[in-house]
Amino acid sequence: LADGPLRGRRVVVTSGPTHEPIDPVRYIANRSSGAQGTAIASALRDLGAEVVFVTGPADAARPAGVEVIEVESAVEMRAAVLGALPADAAVFAAAVADWRVATASDSKIKKQAGRLPVLEFTENPDILAEVSQLPEGRPGLVVGFAAETDDVVAHATAKRLRKGCDWILANDVSPATGIMGGSENAVVLISDDGSEAWPRMGKRAVAERLAQRIAAALGAPAAE
Ligand code: C5P
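On a predicted model such as this, the values are computed, not experimentally measured, just so you know.

Novice: Help me out: how do you make sense of unusual backbone geometry in this one?
Specialist: Most of the time, phi is negative for any residue but glycine, and the peptide bond is trans. Cis geometry is found at the peptide bond from L85 to P86, where omega equals 5°. Note on placement: P86 falls in the loop between α2 (74-84) and β6 (89-92).

Novice: Just checking my understanding: could you explain the site of the ligand for this structure?
Specialist: What surrounds the ligand is the set F92, A94, V96, P125, D126, I127, L128, G144, F145, K159 and K163. Here K159 contributes a side-chain N or O atom positioned 2.4 Å from an oxygen atom of the ligand. K163 has a polar side-chain atom sitting 2.9 Å from an oxygen atom of the ligand. In isolation the ligand offers 450 Å² of accessible surface; the protein chains occlude 84% of this area.

Novice: It is not clear to me how the environment of K159 should be interpreted in this structure. Could you clarify?
Specialist: Structurally, the position occupied by K159 is in helix α4 (residues 152-163). For the pair formed by K159 and T177, sequence separation is 18 residues and the distance between their alpha carbons is 22 Å. Other than its neighbours up to four places away in sequence, K159 contacts F145, A146, E148 and I168.

Novice: What's the story with the sheet that holds strand β4 (residues 50-55) in this structure? I'm lost.
Specialist: Picture the strands of a sheet paired through backbone hydrogen bonds; they go either parallel or antiparallel. Within the open sheet, the eight strands sit side by side as β5-β4-β1-β6-β9-β10-β12-β13. Their pairing is mixed. Either end of the sheet is taken by a strand with one partner, and the two such strands are β5 (67-70) and β13 (194-197). Across this sheet, the average inter-strand angle for adjacent strands is 20°, counted without regard to direction. Where strand β1 (residues 10-15) meets β6, four bridges bridge the pair, whose relative direction is parallel.

Novice: Just checking my understanding: could you explain helix α1 (residues 35-46) for this structure?
Specialist: Residue pairs spaced three or four apart in an α-helix point in one direction, given the helix's 3.6 residues per turn. For α1, spanning twelve residues, the distance from its first C-alpha to its last is 17 Å, which sits close to the expected 16 Å at 1.5 Å a residue. Taking burial as the measure, the twelve residues of α1 include nine buried ones, the bulk of the element. All buried positions along α1 are accounted for by Q36, G37, T38, A39, I40, A41, S42, A43 and L44. In this structure, the buried residues of α1 make contact with β1, β4, β6, β9 (141-148), β11 (184-185) and α5 (203-218). Looking one or two places after α1, you find G48, whose phi comes out positive at around 100°.

Novice: Please clarify how the nonpolar core should be interpreted in this entry.
Specialist: As a rule of thumb, soluble globular proteins bury nonpolar side chains together. Among the nonpolar cores identified, the biggest contains 32 residues, and I40, L44, V91, L210 and I214 are the most heavily contacted of them. Counting only elements with at least two residues in this core, the list comes to β1, α1, β4, β6, β9, β10 (167-172), β12 (187-191) and α5. Broken down by element, this core gets its largest block of residues, seven residues, from α5. Contact partners of V91, with chain neighbours within four places excluded, come to V11, V12, V13, T14, I40, V143, F145, L210 and I214. With 26 residues, the next largest nonpolar core counts V52, A94, L128 and L134 among its residues.

Novice: Explanation requested: the UniProt feature "binding site: CTP" (unreviewed entry) in the chain in the structure shown.
Specialist: Under the UniProt annotation, the feature "binding site: CTP" (unreviewed entry) is placed at D98, K108, P125, D126, I127, L128, F145, K159 and K163. These residues run over 66 residues, and the two farthest C-alpha atoms among them are 38.1 Å apart, placing them at more than one spot. Within the secondary structure layout, K108 lies in the loop between β7 (99-101) and β8 (121-123). The exposure class assigned to K108 is partly exposed, which follows from its relative accessible area of 47%. Excluding its chain neighbours within four sequence positions, the residues that come into contact with K108 are D23, P24, V25 and R26.

Rules used in this analysis
- Residues numbered from 1 in each chain as written.
- Predicted model: local features only at pLDDT ≥ 70, side-chain atom pairs only at ≥ 80, totals over all residues.
- Heavy atoms only, no water.
- Helix = DSSP H or I, 4+ residues; strand = E, 2+ residues; numbered from the N terminus.
- Near = heavy atom within 4 Å.
- Polar contact = N/O pair within 3.5 Å; in protein donor to acceptor, adjacent residues only side chain to side chain.
- Areas by Shrake-Rupley, 256 points an atom, 1.4 Å probe, with all protein chains shown as cover.
- Contact = heavy atoms within 4.5 Å.
- Pairing = 2+ DSSP bridges.
- Axes fitted to C-alpha atoms, helices over the stretch in contact; angles between N-to-C directions.
- Expected span 1.5 Å × (residues − 1).
- Buried < 20%, exposed > 50% of the residue type's maximum accessible area, 1.4 Å probe, protein only.
- Core = buried A, V, L, I, M, F, W, Y, C linked by side-chain atoms within 4.5 Å.
- UniProt positions renumbered as here; feature names shortened; annotations may be inferred.

Below, the structure written as structure tokens:
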């Protein structure tokens, strides 16, 4: 492992979208590229952390030098994250689907003339909220993301309190910013200390700055 301020620290990072099955050949997904989560895992690794990278099906290349756990659905992602604990910190960059199909079919749903399938949904587990509120074994630092289109700081501040995480990195994804799907990000770090707007920068720079902040928050390198 690399030497650095995060040597001896274990960090779990979620990334990418989730795929929620409809039947064995169909699923519901979202447009997350996994770029920001991948950059965060790499930046934490570069500071010496032992990284567990839990990723949904994303195109982004898997970072080298980290433990990669590939999952499909939110339910699988939750199990992988809980199984990866204990950890010193956890960063939830995945775009987890809010809902899954309540009873995914075990066999392919047949096309029938004149009949349309009706999908019923159920809520997915909120992994960030669950880990933030673990009565035992909660990581010392839990970081979530919030993509907002209006009143970014107010909404993200409320989200931080609702979920119980320590930090939220909020970004403005309203179409005018061109951030969604782009290579740049403009984020506001929300913590107990209030909100801190970062200048617009590349996703790698956001990741590096976040990794530095995590290292500072966790303090001196852990003993071997
Ligand atoms: O509630 P919302 O989806 O806006 O919250 C976003 C944050 O919560 C992200 O950090 C995301 O990774 C996390 N999340 C999660 N599990 C969910 C939904 C969101 O971990 N089911």
